[in-house]
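Below, each chain spelled out in residue letters.
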Amino acid sequence: MAELTVTALRVVHAVVGTGSFTATADLLGYTQSAVSRQVAAAESAAGVPLFVRGARGVVPTPAGALVARRAATVLAELDAVGKDLAGLADRLGGRVVLGAFPTAMWVLAPRAVAAVRGRHPGLTVDLQEASSPAQLRQLRAGRIDVAVIGVGADLPAYDLDGLRREHLLDGRSLVAVSKEHRFAGRGQVPVTELAEEEWIVGKGLRGEPQFGAWPTLLEPKVAHTAREWHSRLGLVAAGLGITTLPEIAAPAMPADVVTVRVDDPAWLGRAAVAVTRPERAASVEAVLAVLRDVAQELR
């Protein structure tokens, strides 16, 4: 069999996926005539037709489907070579342990780890979920390298003496409600409308910060308590109450729960802060740079 080029394999794979020469041209940034030439070259190399042209597009022949299937493996390996070479050029390796409080684990921390993989293939990031006080203890003990903690007026004044801190993200608190709730169609509600609502609040170990009812309410009506966030949101989705939620977690809401802002000048919310030991290795600096970028995107 004559040689199949990488470009021809990429085009055949794309045509099978899109079912169209035109869509393949748009996907790969080629002209339609260039796509046709690459398909013709692939068919010449294979010695058999790879596609049947029809009024509704193109359909792969058995040979075309086989070539596309093998092409997927070849292209994945070639892409892996590129990433491996980038890792050698980057020269940044090792392991960083990143801690994060529970709601930072929903979006901020996972996106940061994914971004680190893309920028620094040789660097491994291990994630650990823990409350802010637990993270600070682990950081001082050398068990984690970066702690993403929450700070706010309703939280303890954590002892950060001798540690380095970096502000990542300010986040207002929101309320999460069922999609059937009377607040669901509104972007914002005044705090006065929260007074008669029933609340789902957090329950944890002593010393662990929790989200309770809205912090400026004097006598909130607590309907249920739950330790885990998925339990709280399940109760909310069932219409059994509403809950306070940090803005940092809003992008990860299940489909049957919506978030609403609260107009409350007396409450500024909480912030996410990255804390490290005074000496920062290059790998830790790299993780912090990614955290800053992801936080900026979330803003």
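In this report, the structure presented in the accompanying data block is examined. Because the structure is predicted, anything quoted here is derived from the model rather than measured. (Residues numbered from 1 in each chain as written. Predicted model: local features only at pLDDT ≥ 70, side-chain atom pairs only at ≥ 80, totals over all residues. Heavy atoms only, no water.)

Quick notes on the sheet that holds strand E6 (residues 164–171)
Within a sheet, neighbouring strands are paired by backbone hydrogen bonds and run either parallel or antiparallel to one another.
And then number 1: Pairing is mixed in the open sheet, where five strands are placed in the order E4-E3-E5-E13-E6. Only two strands of the sheet have a single partner each, and these edge strands are strand E4 (123–129) and E6. Mean inter-strand twist for the sheet, computed between neighbouring axes without regard to direction, equals 25°.
And then number 2: One ladder, built from seven bridges, connects strand E3 (residues 94–100) with E4; its direction is parallel. Bridge pairing links Arg-95 to Thr-124 in E4.
And then number 3: On the sheet, helix H8 (residues 282–298) packs against E3, E4, strand E5 (146–152), E6 and strand E13 (270–276) and is oriented at approximately 15° with respect to E6. (Pairing = 2+ DSSP bridges. Helix = DSSP H or I, 4+ residues; strand = E, 2+ residues; numbered from the N terminus. Axes fitted to C-alpha atoms, helices over the stretch in contact; angles between N-to-C directions. Contact = heavy atoms within 4.5 Å.)

Some details on the pairing of E5
And then number 1: Across the seven residues of E5, five count as buried, placing the element largely inside the fold.
And then number 2: Bridge count for E3 against E5 is three bridges, and the pairing is parallel. Note that in E5 the partner of Gly-99 across the bridge is Ala-147.
And then number 3: Judged from the six bridges that link them, E5 and E13 form a sheet pairing that is antiparallel. Looking across to E13, one finds that Val-151 is bridged to Ala-271. (Buried < 20%, exposed > 50% of the residue type's maximum accessible area, 1.4 Å probe, protein only.)

Some thoughts on the environment of Gly-17
And then number 1: Relative to the assigned elements, Gly-17 resides in helix H1 (residues 6–18).
And then number 2: Take Gly-17: its relative accessible area is 68%, and that puts it in the exposed class.

Regarding the pattern of salt bridges
Pairs may arise between side chains of opposite charge once their charged atoms sit close together.
And then number 1: What the rule picks out here adds up to 15 salt bridges.
And then number 2: Residue Glu-166 is joined to Arg-292 by a salt bridge in which the shortest nitrogen-to-oxygen separation is 2.4 Å. In this pair, Glu-166 is assigned in strand E6 and Arg-292 in helix H8, connecting sequence segments 126 residues apart.
And then number 3: Residue classification places Arg-292 among the partly exposed residues on the basis of a relative accessible area of 33%.
And then number 4: Members of the salt-bridge network, linked through shared partners, are Glu-166, Arg-280, Glu-285 and Arg-292. (Salt bridge = Lys/Arg side-chain N within 4 Å of Asp/Glu carboxyl O.)

Remarks on the sheet that holds strand E11 (residues 243–246)
And then number 1: Taken together, the four strands give an open sheet; going across it, the order is E8-E12-E7-E11, and neighbouring strands pair in mixed fashion. Of all the strands in the sheet, the pair left with one neighbour each is strand E8 (188–190) and E11. Within the sheet, the average angular offset between the axes of one strand and its neighbour, ignoring direction, is 45°.
And then number 2: Pairing of strand E7 (residues 173–178) with strand E12 (residues 257–263) involves five bridges; the strand directions are antiparallel. Counted as the bridge partner of Val-175 is Val-260 from E12.

Here's the deal with the side chain of Thr-61
And then number 1: Take Thr-61: it is sitting in the loop between strand E2 (57–60) and helix H4 (62–90).
And then number 2: Classification of Thr-61 as buried rests on a relative accessible area of 13%.
And then number 3: At 2.8 Å, the side chain of Thr-61 forms a polar contact with the backbone oxygen of Pro-49.
And then number 4: Apart from the residues within four sequence positions on either side, Thr-61 is in contact with Pro-49, Leu-50, Phe-51 and Val-52. (Polar contact = N/O pair within 3.5 Å; in protein donor to acceptor, adjacent residues only side chain to side chain.)

Quick notes on the nonpolar core
And then number 1: Core analysis: the biggest nonpolar cluster contains 29 residues, and Leu-98, Leu-108, Val-146, Val-148, Leu-168 and Leu-291 have the highest contact counts within it.
And then number 2: Looking at this core, the elements that each hand over two or more residues are E3, helix H5 (108–119), E4, E5, E6, E13 and H8.
And then number 3: The contacts of Leu-291, once residues within four sequence positions are left out, are Leu-98, Leu-108, Ala-112, Val-146, Val-148 and Leu-168.
And then number 4: Val-12, Val-35, Ala-42 and Phe-51 belong to the second largest nonpolar core, which has 16 residues in total. (Core = buried A, V, L, I, M, F, W, Y, C linked by side-chain atoms within 4.5 Å.)

As for helix H2 (residues 21–28)
Since the α-helix turns once every 3.6 residues, residues separated by three or four places project in the same direction.
And then number 1: If you check which residues of H2 are buried, you get Phe-21, Thr-24 and Ala-25. All buried residues of H2 project into a common sector of 100° when viewed along the axis, lining one side. More than 90 degrees from the buried face of H2, the exposed residues found are Asp-26 and Leu-27.
And then number 2: Buried residues in H2 make contact with H1, helix H3 (32–46), strand E1 (51–54) and E2.
And then number 3: If you check the start of H2, you find a side-chain oxygen 3.1 Å away from the backbone N of Thr-22, and it comes from Ser-20.
And then number 4: A positive phi of about 80° marks Gly-29, the residue just after H2. (Arc of directions from axis to C-beta.)

Quick word on the packing of aromatic side chains
And then number 1: Under the counting rule described, the total for this entry stands at three aromatic pairs.
And then number 2: An aromatic cluster is built from Trp-106, Phe-211 and Trp-229, whose rings are joined through pairwise contacts.
And then number 3: We note Arg-232 situated over the ring of Trp-229; from NZ or CZ to the ring centre the distance is 4.2 Å.
And then number 4: Here the basic side chain of Arg-270 rests over the ring of Phe-211, its NZ or CZ set 3.9 Å away from the ring centre. (Phe/Tyr/Trp six-rings, centres within 6.5 Å; stacked < 30°, edge-to-face > 60°. Lys NZ or Arg CZ within 6 Å of the ring centre and 35° of its normal.)

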